[in-house]
Each structure stands twice: as C-alpha cells, then as structure tokens.
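Tertiary structure, described
As a plain string of letters, each chain reads:
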Amino acid sequence: MVVEAKENGAAAVAVAGGGKAAAKLMVKRGEPELVAPAEATPTGEKYYLSNLDQNIAVIVQTVYCYKPAPAAASGGDAVSVLRDALARVLVHYYPLAGRLTISEEMKLAVDLTGQGAVFVEADAGCDLADVSDLATPDPAALGQLVYSVPGAKNILEMPPMTAQVTRFKCGGFALGLAMNHCMFDGLGAMEFVNSWAETARGAAELTVPPFIDRSVLRARDPPVISFPHHEFEEIPDISDTAALYGGQELLYRSFCFDPDRLERVRGLALADGGLGGRCTTFEALSGLVWRARTRALGLVPEQRTKLLFAVDGRRRFEPPLPRGYFGNGIVLTNALATAGDLLSSPPSHAAGLVQDAVRMVTDEYMRSAVDYFEATRARPSLASTLLITTWSRLAFQDADFGWGAPAMSGPVTLPEKEVILFLAHGKERKSINVLLGLPASAMDAFQDLMDEI
Ligand SMILES: COc1cc(/C=C/C(=O)SCCNC(=O)CCNC(=O)[C@H](O)C(C)(C)COP(=O)(O)OP(=O)(O)OC[C@H]2O[C@@H](n3cnc4c(N)ncnc43)[C@H](O)[C@@H]2OP(=O)(O)O)ccc1O
C-alpha cells in the first residue's frame, strides 16, 4: 500500500537502466472501450468508501504475463475471453464500473454510473521473453502494458480501474491493470482478479463473492482517538537525506531471501534471547531492512526514523470483517526509533519494535485510526520514514484466466522512494524478494550489508 495520492503512480519514480527493455517493447494500443456490467446493477446512488479507503487513493499498476498456451476451454482468444468475463464479474463488483466523486462529507465516494471499466486491447512487436523479469520495476517498459487515461489531472478524472490485454508475437499475452487503492487493498484486489479469472474459466458462481457494504467501518460519533497515531507525524530530516536523493541517481535493486537466508535473518533477531525465542519472518526481515537502510543512508545518530507497514485488520476487527469484504481492511501501524538506537542495539531490538507495532493493532487501535481521519482528515507522513508493503502473501499465482498461472506478475513501479516491497519469489513462493530504491552510493552500502547475510 502507499499513502499519498499521485496523478499517476507510474510517473512517480525514475529507474536506472529502464531504457533497454523499453526500447525492445513497442506496444500499439487500440481504442479504449468501456466494459459495463453484463446485467443491470444499482445505479444513480453514491457508494460509500470508508475512512480506511480515503488516504490511499493512488493508482496501483500491476502486470500479469501468460506464456503461449492452447486456447482456453471456451475456445476464445485472450482479449475476448477477458473482456466478456470482466462484464460478468462487474455484475458482482459493480462499484468498479462507476466513477470517483466527492461526497457531501467531502470524502471520496463512487458515483454508481454503471459506465464500465476501461478496457484496451494492444499488440506488442516482440515476444514475451523480451519483457524484463518483473523482479525489478521498469516503468518505461512495463508502463506500456498498462493503460493510463491521457491527460487525467487527478484521480477523479481516472476510472477506478483500467485493463489492457497485450498480445505478444509468440502467442503469449499480458494483462496490465491500473486500479485505485481506494477501491480495495491487496487482498481485496486479488479476490477481484481471481473472481474475474474464475469467471473467465467458466465458473457459474464466485468462490468468494464480494461483501459490498463498507458501512461496518464507519467512524464512531463522536470520534474517539485513543492512540497517539505517530503515522501522521512529520519527522524533520536532520540528516539532510534530501541532498543525497537530490544529488544522485535513484537505483532500484531486488534482494532475494531464500528460506535458508530467511532462517539466518530470524536467527540474527533471536540470537541474544531478547525476543524470548519468538519472532516471525516478517518481523525479523523488516527489522533487518530498517536497520540496513538507516545505515546505508548515513542517518545521524539523533535522526528520528519511523517505520510504517500495513496490517491486515480483517481478523483483528471485533467482529471480524465479513468474508470477501470489498474494500481496504488494512491499517497502518508504526514503530519509532532514533538511528543511533537502531544501529547500536542488536538486531533483536529493531525486530522487537516491529513485533510491538504488529501487536498494537487491535480492534480499538483500528477504530481509533478510522476516527482519527474523521476528526483530522490527515494523511500519513512519509518524512524520515520507511514504508514496508508486504505483497508476499497475495495470491497473484491464482490469476488463471484459462491459460494457466501467470509466468510472471508484479508491480510496474514502486510508488515512492520511501517504499520497500516484499514480494513472494520462487516456484513454491517460499522466498521473499525485497525490492527498494536508494541513491546510488546508499544502494552500494545497502548491497554490502545484504551480502553479509
Ligand atoms: C489496488 O490494487 C492493488 C493493490 C495491491 C496491494 C496493495 C497493498 O499492498 S495492501 C497491503 C498488503 N499487505 C497486507 O495486507 C499485509 C498482510 N499481512 C499481515 O497483516 C501480517 O499479519 C503482518 C502484519 C505483516 C505480520 O506478519 P507476521 O509477522 O508474519 O505475522 P502473522 O501474519 O501473524 O504470521 C505468523 C506466522 O503464521 C504463518 N502464516 C500466517 N499467514 C500465512 C499465510 N497466508 N501464508 C503463509 N504463512 C502464513 C507464517 O508461518 C508466519 O510465520 P513465519 O515466521 O513462518 O513467517 C496489489 C495489487 C493491486 O492490483
């Protein structure tokens, strides 16, 4: 997840070396069309978006690539199978066929216009093998596989979702999606994509139908703020990292942690017994990258630094959110430390701070976060912050539209320079790819620290 609205997520960052694949990948798009729900759906009303949906209204671009394979059971080509299935799945997910608007409370809502999702077919003048491996984002190349509405100046001028299906010369194809995070979080997005996929495979009913009503997450009246909510705190950059970022090229690299290496990371966090022998992979890995990035950026010891990450609140709400909840069920939690504190303490300290931040997320914490937005309309701040986004358990591999699991899938870009993404990697998805961007000299320092593990 990301926390600030951008005109277009794809334009947010520059990637070194992005030109090579872009030069090979030349995509010719057809005219965009609107795919409306295949049956009548509620129209003419406003669809409520909760406070958890409000401050992550940013477009997330992802690509799913499929190798050449015999046609799907239906016998159709990928473009027509995906287009028809989209119309059918939108009957269940009809808010995606509407358009974003501002409600009377001055919040984002969906105008249920029933207009439809934007769908574009396209042709690439090369083979799928010419697409970079998606381990490191390459917006110049991959951006051609996703459709952005030209000239849209803000998210109100962008549809909640666009889909582009690109045919490759080899017979493979790519599905590129641009979906607004205010419509759903990673889990919700995957439930939608996988419902669309099973519809394309001919399923008569959805395995997980969406639970449409988001009013279960309405703020309390009056709002009750019972936590300090440091996620909104603006921490001054006393280390002047702005100069470092301004003076050097931003490099992107991904670091693969296979199960053995992950176990070594956990071992480091557990070594001094400070965590009582209990620490998850996520806690240990997050603590590791928080410390390594702090060191690599050369933060001064007095520099306060914030770690933010999303926690899936579905099972933590009381009562839990209904199955198939269509919307953001995630909440940001945080940990704070000075650079000196992080780096002079053993790895267990950082991992322990992550653990405390996970444990802090209770029903009351999440209700307080909802109420905080109600009272302040504030957005989380990324100043002096690392935001870790965990996609490692998202079911990208289930997006089988009839041509098998995607040969590769992933994001087109990282949304902000403060974001690190954890992605599942490997056949059994037991490895984690840590994807990040840093100024060149800091990336070298980060690389050295990773090489030690
Ligand atoms: C709009 O279009 C989009 C959007 C997107 C993407 C959007 C987003 O990024 S939204 C944010 C997505 N991330 C999350 O929702 C995070 C979900 N994870 C959690 O909430 C975790 O609980 C945690 C807070 C990160 C902490 O994790 P952890 O410390 O690992 O603790 P537990 O979860 O309790 O796990 C403990 C232990 O249990 C095992 N386990 C639990 N669940 C699973 C699972 N599902 N699979 C495998 N194993 C599991 C595991 O053993 C854990 O221990 P280990 O030490 O062995 O790891 C994208 C695309 C779009 O189009």
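Bear in mind that the values here come from a model prediction, so they are computed numbers and not experimental data.

Before going further, it helps to spend a moment on the overall build of the protein chain. Secondary structure assignment for the protein chain yields 12 helices and 16 strands. Relative to the 2.2 N^0.38 estimate, which gives 22 Å for 453 residues, the radius of gyration of the protein chain is 22 Å and therefore close to what a compact globule would have. If one aligns the C-alpha atoms of the protein chain with their principal axes, the spans along those axes are about 60 × 55 × 40 Å. Looking at the protein chain as a whole, 56% of its 453 residues are labelled buried. Restricting to contacts in the protein chain with at least 6 residues of sequence separation, those with at least 24 account for 83%. As displayed, the protein chain has an accessible area near 18100 Å², and 52% of this comes from carbon and sulfur atoms. A distance of 2 Å separates the average location of the 41 positive side-chain charges in the protein chain from that of its 54 negative side-chain charges.

Before going further, it helps to examine the sheet that holds strand S15 (residues 419-425). Read across the open sheet, the six strands follow the order S10-S16-S15-S13-S11-S12; overall the sheet is mixed. Of all the strands in the sheet, the pair left with one neighbour each is strand S10 (250-257) and strand S12 (330-338). The sheet shows a mean angle of 20° between the axes of neighbouring strands, taken without regard to direction. Together, S10 and strand S16 (431-439) form the strand contacts of helix H7 (residues 259-270), whose direction differs from that of S10 by roughly 95°.

Below, the discussion takes up unusual backbone geometry. Looking along the chain, the bond that leaves Asp 221 and enters Pro 222 is cis, with omega of 0°. Inspection of the secondary structure puts Pro 222 in the loop between helix H5 (186-200) and helix H6 (241-247). Note that the residue after Glu 318, namely Pro 319, is joined by a cis bond; omega there is -5°. Inspection of the secondary structure puts Pro 319 in the loop between strand S11 (304-312) and S12. Positive phi is not limited to glycine here, since Asp 240 has a value of about 50°. Counting through the fold element by element, Asp 240 comes out in the loop between H5 and H6. With a relative accessible area of 46%, Asp 240 lands in the partly exposed category. One non-glycine residue with positive phi stands out, namely Arg 377, at about 55°. Positionally, Arg 377 belongs in the loop between helix H11 (363-376) and strand S13 (385-390).

The end-to-end C-alpha distance of H5, which contains 15 residues, comes to 21 Å, matching closely the 21 Å that a straight helix rising 1.5 Å per residue would cover. The element H5 is largely enclosed, with a buried count of 13 among its 15 residues. A side-chain oxygen of the first residue of H5 lies 3.3 Å from the backbone nitrogen of Leu 187; this N-cap is Asp 185. Just beyond H5, the residue with positive phi is Gly 202, at close to 100°.

Together, Ile 102, Met 106 and Leu 156 give the surface a local cluster of nonpolar side chains, amounting to about 290 Å² of exposed area. Judged by its relative accessible area of 37%, Ile 102 falls in the partly exposed class.

Glancing now at the confidence of the model for the protein chain. In the predicted model, the protein chain carries a mean pLDDT of 92, and the fraction of residues at 70 or more is 94%. Of the regions scoring below 50 in pLDDT, residues 1-19 engages in 62 contacts with residues more than four places distant in sequence or in other chains. Overall fold confidence for the complex sits at a pTM of 0.94, while the interface term, ipTM, reaches 0.96.

Parameters and conventions
Residues numbered from 1 in each chain as written. Predicted model: local features only at pLDDT ≥ 70, side-chain atom pairs only at ≥ 80, totals over all residues. Heavy atoms only, no water. Helix = DSSP H or I, 4+ residues; strand = E, 2+ residues; numbered from the N terminus. Rg over C-alpha atoms; globule rule 2.2 N^0.38 Å. Buried < 20%, exposed > 50% of the residue type's maximum accessible area, 1.4 Å probe, protein only. Contact = heavy atoms within 4.5 Å. Areas by Shrake-Rupley, 256 points an atom, 1.4 Å probe, with all protein chains shown as cover. Lys, Arg positive; Asp, Glu negative; His and termini not counted. Charge placed at Lys NZ, Arg CZ, Asp CG, Glu CD. Pairing = 2+ DSSP bridges. Axes fitted to C-alpha atoms, helices over the stretch in contact; angles between N-to-C directions. Expected span 1.5 Å × (residues − 1). Polar contact = N/O pair within 3.5 Å; in protein donor to acceptor, adjacent residues only side chain to side chain. Patch = residues over 30% accessible without salt bridge, like charges linked within 9 Å, V, L, I, M, F, W, Y side chains within 5 Å. Salt bridge = Lys/Arg side-chain N within 4 Å of Asp/Glu carboxyl O. pLDDT = per-residue confidence, 0-100.

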